[in-house]
Amino acid sequence: MKKFTLFFLPLLFLSFDVNASFVKNETKELKAAIIIDDFGGGTGGVRDFLEGDIPITAAVMPFTENSIEHAEWAHKNGFEVMVHLPMEPKRGKRSWLGPKPITVDLSQSEVKQRVREAIKSVPYAVGLNNHMGSLAVENEEIVRAIVEVVKEKNLFIIDSGTSPGTKFPQIAKELGVPLLKRDVFLDDISSSTNVRKQMIRLARVTEIKGKGIAIGHVGVTGKVCSVGIFQSMKEFEKRKIKIVPVSELFSGNLTEKFFFPK
């Protein structure tokens, strides 16, 4: 009987550990962030988002007629603000980038100057993500100049994921700058049905990883994007996924060290 007891005691404790681990994973809070790009530029959906009750993160284009207004509007209503930094793509019109974009023909000092000016033109910004940039994000010198300024200003970076060859993760890690990557684009197809479909994809990513990041837009697709997101909220409540400002997805230590713009 003694041998029997000794044999089963380890199994009992192993079972307890597995069950405890399962309960811990099951009760872990799931968080997702929704970044809405192109504030400061397009107008479609702007009021829907900035007067709405979903805590989106507002990524504001610098140097535009409405950059300051939209950033202040977002901040006043409790929304987190980021700089939506225009960067040169492999394909697309130069006019899509707006004033003072980051292009690969700039020197590192010119890049740094433009990034500093961009941050200054967007009040209350606590982070930065790239607008387009499939070419520029692959250029190590360009990216290094951007990340150095981000570190100088105590901001974080969200890599919008416009190129698999992006240098942002590598250089941000090297310089100790907080960085996360976008998981889902919401409105690559302009229909509220597609936005809802992509929101479900965001929910699944979040359930697997514990956190997830989606990007949508104001402007041309702004109205369908806002409708699709608002219509998806019941599903997120059902899955117990909380929508949070993107900075809440970073670890506590990084949050304490950064996110205090100078």
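Residues numbered from 1 in each chain as written. Predicted model: local features only at pLDDT ≥ 70, side-chain atom pairs only at ≥ 80, totals over all residues. Heavy atoms only, no water.

Structural notes on the nonpolar core
With 59 residues, the main nonpolar core has Phe-39, Ile-146 and Ile-229 as its most contacted residues. Not counting residues within four places of it along the chain, the set of residues in contact with Phe-39 comprises Val-46, Phe-49, Leu-50, Ile-56, Ala-58, Ala-59, Val-60, Met-61, His-70 and Val-218. Grouped together as the second largest cluster of nonpolar side chains are 14 residues, Ala-33, Ala-59, Met-82 and Val-244 included. (Core = buried A, V, L, I, M, F, W, Y, C linked by side-chain atoms within 4.5 Å. Buried < 20%, exposed > 50% of the residue type's maximum accessible area, 1.4 Å probe, protein only. Contact = heavy atoms within 4.5 Å.)

Observations regarding the pattern of salt bridges
Scanning the model with the defined rule gives twelve salt bridges in all. A salt bridge links Lys-90 to Glu-138, with the nearest nitrogen and oxygen atoms 2.8 Å apart. Of this pair, Lys-90 sits in the loop between strand E3 (80-87) and helix H4 (108-120) while Glu-138 sits in the loop between strand E4 (125-132) and helix H5 (140-152), and the two are 48 residues apart along the sequence. Taking the relative accessible area as the measure of exposure, Lys-90 reaches 46% and is therefore partly exposed. A residue is classified by how much of its surface remains accessible, and Glu-138, at 28% relative accessible area, is partly exposed. Ionic pairing is found between Glu-148 and Lys-112, a salt bridge with its closest N-O pair at 2.6 Å. Separated by 36 residues along the polypeptide, Glu-148 in helix H5 and Lys-112 in helix H4 bring together distant segments of the chain. Beyond isolated ion pairs, a larger network of salt bridges with shared partners links Arg-116, Glu-152 and Lys-153. (Salt bridge = Lys/Arg side-chain N within 4 Å of Asp/Glu carboxyl O. Helix = DSSP H or I, 4+ residues; strand = E, 2+ residues; numbered from the N terminus.)

Here's the deal with the confidence of the model for the chain
Confidence in the prediction of the chain, expressed as mean pLDDT, is 89, and 85% of residues score 70 or more. Low pLDDT (under 50) marks residues 1-25, which in the prediction has zero contacts with non-local residues, meaning those over four places away or in another chain. Here residues 258-262 is a poorly scored stretch, pLDDT under 50, and it has 23 contacts once near neighbours within four places are set aside; other chains count. (pLDDT = per-residue confidence, 0-100.)

Quick look at the side chain of His-131
Along the polypeptide, His-131 turns up in strand E4. Side chain to side chain, His-131 and His-84 meet in a polar contact 3.1 Å long. Looking at His-131, its side chain comes within polar contact range of the main-chain oxygen of Trp-96, at 3.2 Å. Beyond its immediate sequence surroundings of up to four residues, His-131 is in contact with Asp-38, Met-61, His-84, Leu-85, Pro-86, Met-87, Trp-96 and Leu-97. (Polar contact = N/O pair within 3.5 Å; in protein donor to acceptor, adjacent residues only side chain to side chain.)

Section: unusual backbone geometry
A positive phi angle, near 70°, is found at Tyr-124, a position not held by glycine. Within the element layout of this structure, Tyr-124 appears in the loop between H4 and E4. For Tyr-124, a relative accessible area of 44% translates into the label partly exposed. Look at Lys-240: it is not a glycine, yet its phi comes out positive at around 60°. Positionally, Lys-240 belongs in the loop between helix H9 (233-238) and strand E9 (241-243). A residue is classified by how much of its surface remains accessible, and Lys-240, at 67% relative accessible area, is exposed.

With respect to the pairing of strand E8 (residues 211-217)
In terms of residue burial, E8 counts as a mostly covered element, since six of its seven residues are buried. As for the winding sense of the linkage, the β-α-β connection from strand E7 (residues 184-185) through helix H7 (residues 192-209) to E8 is right-handed. (Right-handed = clockwise from strand over helix to strand, strands pointing away.)

Examining the packing of H5 against helix H6 (residues 168-175)
Where H5 contacts H6, the axes come no closer than 9 Å and their chain directions differ by 45°. Between H5 and H6, the angle is such that the two are oblique. The two elements H5 and H6 cross, and the hand of that crossing is right-handed. Mapping the contact onto sequence places Glu-140, Val-143, Arg-144, Ile-146, Val-147, Glu-148 and Lys-151 in H5 and Phe-168, Gln-170, Ile-171, Ala-172, Glu-174 and Leu-175 in H6. When its residues are assigned to classes, the contact of H5 with H6 shows seven nonpolar, one polar and five charged. (Axes fitted to C-alpha atoms, helices over the stretch in contact; angles between N-to-C directions. Parallel < 35°, antiparallel > 145°, perpendicular 65-115°, else oblique. Left-handed = near helix turned anticlockwise from the far one by under 90°. Nonpolar A, V, L, I, M, F, W, Y, C, P; charged D, E, K, R; others polar.)

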